[in-house]
Amino acid sequence: MTLRVAIVGGGPAGIYAADILTKSEVDVSVDILERLPAPFGLVRYGVAPDHPRIKEIVKALQRVLAKPQVRLLAGVEFGVDVKLEVLHDFYDAVIVATGAMADRDLGIPGEELSHGAADFVSWYDAHPDVGRSWPLDAPSVAVIGVGNVALDVARVLAKTGDEMLVTDIPAHVYEGLATKTTTDVHVFARRGPAYAKFSPLELRELNHSPNVEVIVHPEGFDVDEQAMAHVASNKQAKMVLSTLSNWVGREPVGKPHRIHLHFAEAPTEILGDETGVTTLRTERTRPTDHGAVEGTGVHTDWDVQAVYRAVGYRSSALPGLPFDERAAVIPNDGGRVLDLDGQPIPGLFVTGWIKRGPVGLIGHTKSDAAETVEHLLADTRPIATDREPADVDAYFAERGVQVSTFEHWERLDAHEVALGEAEGRARVKVADRAEMIRVGRG
Ligand SMILES: Cc1cc2nc3c(=O)[nH]c(=O)nc-3n(C[C@H](O)[C@H](O)[C@H](O)COP(=O)(O)OP(=O)(O)OC[C@H]3O[C@@H](n4cnc5c(N)ncnc54)[C@H](O)[C@@H]3O)c2cc1C
Ligand SMILES: NC(=O)c1ccc[n+]([C@@H]2O[C@H](COP(=O)([O-])OP(=O)(O)OC[C@H]3O[C@@H](n4cnc5c(N)ncnc54)[C@H](OP(=O)(O)O)[C@@H]3O)[C@@H](O)[C@H]2O)c1
């Protein structure tokens, strides 16, 4: 009998899980339930528009969705349009792959005056749930955190609108970026340069813009023995440190926009009022043990008019499923979801960022999915009662849920490519949810 599997979440983790399932020796039929009218999760709504090569991964993911054993049911929100107990009637196993969409909090006074990186990313990546306008009138901006998301945010804030126009951004994003008045983006690391989490390639890329220069400030740029030991065991950190060391203290060449990198400065407070931010206050740190830092009591006030938190994403709890609030993941053992007593819940699995937290590249979700699928196939036997794909279709049709299928996505995809062709670009994204659905339905 064909094994029926539901995957909740059409990001890379969910789609790789579907791929691995279809390549197994077991006869499977997989439905991918996705909240948005378009698949691909953060590949479409996280990866920066000026990283088109990475977005090409969509082509491989699309081939999985085109497989005869796989169906895309987009526009279906788990917890709203369907609940877990209903899925268990239709499927022998459920894999949750809902990723992460929210920003982590900083926990400092004035935080409510700041923007979350995830919100800004969603705006420039034309996420259908995000408004069309974004305030970009701050001459000086602070970005907190030194991961790749912080670099994406700093780069998009620093580049000109015209530099971004070669990408897939729709008109409202271009217009927002084109009227931006930001000249200086200050990026703050709470630790020293050996612990920056950037990828070396992404860091070096900052140097390639004709309009942006990177200024690495020498204050706090300290590399002690502990830091040297850290980079000795971490190739990426070593490459990043080498690039930063080449850049530290170099003379500015006078490009119109600047990204400043500040090390060993921890944010302590954001000052301002309902009219906006006036100041970011930071405290100089010094290293303690194992790469940690402590405050020195030396504070600096930075004259900035906007603050972005790029200190990590956070997954959200799902109705009816256990959730570890501290780690913000669904508790699991190798992808087998665990109940409050630590026992596996039959037929329930998890993969991707909601399984192990919001770190790692798209490629990492593949190995993740392999582990989860291995356990699923070892545990699962056909038990669902309403096994036909038509049973699922009837369920959503009866409740008026507008399901977008792979054919609908193909039509939207072709439409976006055609919009791009008209402007000499590879694609122009459609951001409006109703428009996405309308185009998909032809
Ligand atoms: C800003 C940013 C830029 C990045 N850039 C890169 C990069 O350049 N290169 C790289 O390798 N990695 C990059 N990453 C990392 C990469 O995006 C992640 O590793 C990967 O997307 C995680 O995959 P996932 O499927 O677990 O989650 P996601 O990609 O978040 O996918 C989860 C999916 O589940 C859906 N979903 C959520 N809730 C529900 C629900 N209730 N019902 C139904 N569906 C639901 C979501 O809509 C989404 O489509 C980036 C991450 C971020 C945040
Ligand atoms: N182009 C790409 O390949 C690309 C692009 C975007 C994202 N990604 C990937 O997506 C994942 C998520 O990226 P991310 O940037 O969100 O997370 P990340 O790599 O974990 O970086 C988070 C940053 O926030 C800092 N931070 C956390 N809490 C803080 C606090 N209270 N005060 C000050 N700083 C704080 C961290 O500093 P500490 O180290 O001191 O904790 C770190 O510098 C990563 O694996 C990343 O590589 C990849």
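Basis of the calculations
- Residues numbered from 1 in each chain as written.
- Chains lettered and ligands numbered in written order.
- Predicted model: local features only at pLDDT ≥ 70, side-chain atom pairs only at ≥ 80, totals over all residues.
- Heavy atoms only, no water.
- Phe/Tyr/Trp six-rings, centres within 6.5 Å; stacked < 30°, edge-to-face > 60°.
- Helix = DSSP H or I, 4+ residues; strand = E, 2+ residues; numbered from the N terminus.
- Buried < 20%, exposed > 50% of the residue type's maximum accessible area, 1.4 Å probe, protein only.
- Expected span 1.5 Å × (residues − 1).
- Near = heavy atom within 4 Å.
- Polar contact = N/O pair within 3.5 Å; in protein donor to acceptor, adjacent residues only side chain to side chain.
- Areas by Shrake-Rupley, 256 points an atom, 1.4 Å probe, with all protein chains shown as cover.
- Nonpolar A, V, L, I, M, F, W, Y, C, P; charged D, E, K, R; others polar.
- Domains from an automatic or database assignment.
- Pairing = 2+ DSSP bridges.
- Salt bridge = Lys/Arg side-chain N within 4 Å of Asp/Glu carboxyl O.
- Contact = heavy atoms within 4.5 Å.
- Buried area = accessible area lost by both parts, 1.4 Å probe.

Colleague: Describe in detail the packing of aromatic side chains, supporting the description with residues and values.
Modeller: Summed over all chains, the structure comprises 13 aromatic pairs. For the pair Phe 120 and Trp 123, a centre-to-centre distance of 5.9 Å together with 15° between the ring planes defines the contact as stacked. Of this pair, Phe 120 and Trp 123 both sit in helix H6 (residues 117-124), three residues apart, which is roughly one turn of the helix. Residue classification places Phe 120 among the buried residues on the basis of a relative accessible area of 0%. Between Phe 120 and Trp 134 the ring centres are 5.4 Å apart and the planes differ by 45°, which places this aromatic pair in the tilted class. Note that Phe 120 is positioned in helix H6 and Trp 134 in the loop between H6 and strand E7 (140-144), a separation of 14 residues in sequence. For Trp 134, a relative accessible area of 15% translates into the label buried. Here the aromatic cluster, defined as three or more aromatic residues joined through ring pairs, consists of Phe 120, Trp 123, Tyr 124, Trp 134 and Tyr 308.

Colleague: I'd like a description of helix H1 (residues 12-23), backed by residues and values.
Modeller: With twelve residues, H1 extends 16 Å between its outermost C-alpha atoms, agreeing within 8% with the 16 Å of an ideal straight helix rising 1.5 Å per residue. Counting buried positions along H1 gives ten out of twelve residues, so the element sits mostly inside the fold. Within H1, burial applies to Pro 12, Ala 13, Gly 14, Ile 15, Tyr 16, Ala 17, Ala 18, Asp 19, Leu 21 and Thr 22.

Colleague: Before we move on, can you summarise the site of ligand 1 with the specific residues and values?
Modeller: The environment of ligand 1 is formed by 33 residues, the closest being Ala 13, Glu 34, Leu 42, Phe 78 and Trp 353. Residue Phe 78 places a main-chain N or O atom 2.9 Å away from a nitrogen atom belonging to ligand 1. Taking 1,000 Å² as the accessible area of ligand 1 by itself, protein coverage stands at 92%. Contributing elements (two or more residues each) for the shell around ligand 1: H1, strand E2 (28-34), helix H2 (41-45) and helix H7 (148-158). In terms of residue class, the shell around ligand 1 is made up of 19 nonpolar, ten polar and four charged. Residue-level mapping places the shell around ligand 1 at the junction of two domains, with at least three residues from each of domain 1 (3-100 + 315-404) and domain 2 (104-311).

Colleague: Explain the sheet that holds strand E9 (residues 212-216) residue by residue, including any values.
Modeller: If you walk across this open sheet you meet the six strands as E6-E14-E7-E8-E10-E9, and the pairing is parallel. Every other strand in the sheet has two partners, leaving strand E6 (115-116) and E9 as the edge strands with one partner each. Of the pairings in the sheet, the one linking strand E8 (residues 184-188) to strand E10 (residues 257-262) comprises five bridges and is parallel in character. From the neighbouring strand, Asp 184 faces E10, where its bridge partner is Arg 258.

Colleague: Which residues make up unusual backbone geometry, and what are the values?
Modeller: Look at Ala 126: it is not a glycine, yet its phi comes out positive at around 60°. Its relative accessible area of 1% is what places Ala 126 among the buried residues. Located in the positive-phi region is Ala 264, a residue other than glycine, with phi close to 60°. Residue position: Ala 264 is located in the loop between E10 and strand E11 (265-273). Accessibility expressed as a relative area gives 7% for Ala 264, which makes it buried.

Colleague: So what about the pattern of salt bridges? Which residues, and what values?
Modeller: Within the structure shown, the criterion is met by 33 salt bridges. Residue Asp 19 pairs with Lys 67 through a salt bridge whose shortest N-O separation is 2.8 Å. Here Asp 19 is found in helix H1, whereas its partner Lys 67 is found in the loop between helix H4 (57-65) and strand E3 (70-74), with 48 residues between them in sequence. On the basis of relative accessibility, which here comes to 10%, the residue Asp 19 falls in the buried class. Residue Arg 155 pairs with Asp 50 through a salt bridge whose shortest N-O separation is 2.8 Å. Highlighted residues: Arg 155 in helix H7 and Asp 50 in the loop between H2 and helix H3 (52-55), separated in sequence by 105 residues.

Colleague: Just give me the short version of the site of ligand 2, but keep the residues and values in it.
Modeller: As a structural note, the neighbourhood of ligand 2 is formed by 22 residues, with Val 146, Asn 148, Arg 190, Arg 191 and Gly 360 the closest of them. With respect to ligand 2, the backbone of Val 149 contributes an N or O atom lying 3.1 Å from an oxygen atom. Measuring from an oxygen atom of ligand 2, one finds a backbone N or O atom of Gly 360 at 2.6 Å. Its free accessible area being 910 Å², ligand 2 has 84% of it covered by the protein chains. Residue composition of the shell around ligand 2, by class: eleven nonpolar, five polar and six charged. In this structure, the shell around ligand 2 is formed jointly by two domains, domain 1 (3-100 + 315-404) and domain 2 (104-311), each of which donates at least three residues.

Colleague: Lay out the side chain of Arg 387 with the relevant residues and their values.
Modeller: Tracing the chain through its elements places Arg 387 in the loop between helix H14 (364-379) and helix H15 (389-398). From its side chain, Arg 387 meets the backbone oxygen of Ala 384 in a polar contact 3.2 Å long. In this structure Arg 387 touches Met 1, Thr 2, Leu 3, Arg 4, Phe 90, Asp 92 and Pro 382, once residues within four positions along its chain are discounted.

Colleague: Go over the domain arrangement of the protein, please, and point to the residues and values.
Modeller: Taken domain by domain, the protein comprises domain 1 (3-100 + 315-404) and domain 2 (104-311). Spacing between the C-alpha centres of domain 1 and domain 2 amounts to 33 Å. Each side of the interface is counted separately: domain 1 has 13 residues, and domain 2 has 16 residues. Taking both sides of the interface into account, the surface hidden between domain 1 and domain 2 amounts to around 1,200 Å²; carbon and sulfur atoms contribute 53%. At the boundary of domain 1 with domain 2, the tally comes to six residue pairs in polar contact (both at pLDDT 80 or more). Elements with a contribution of two residues or more to the side of domain 1 that touches domain 2: H2 and H3.

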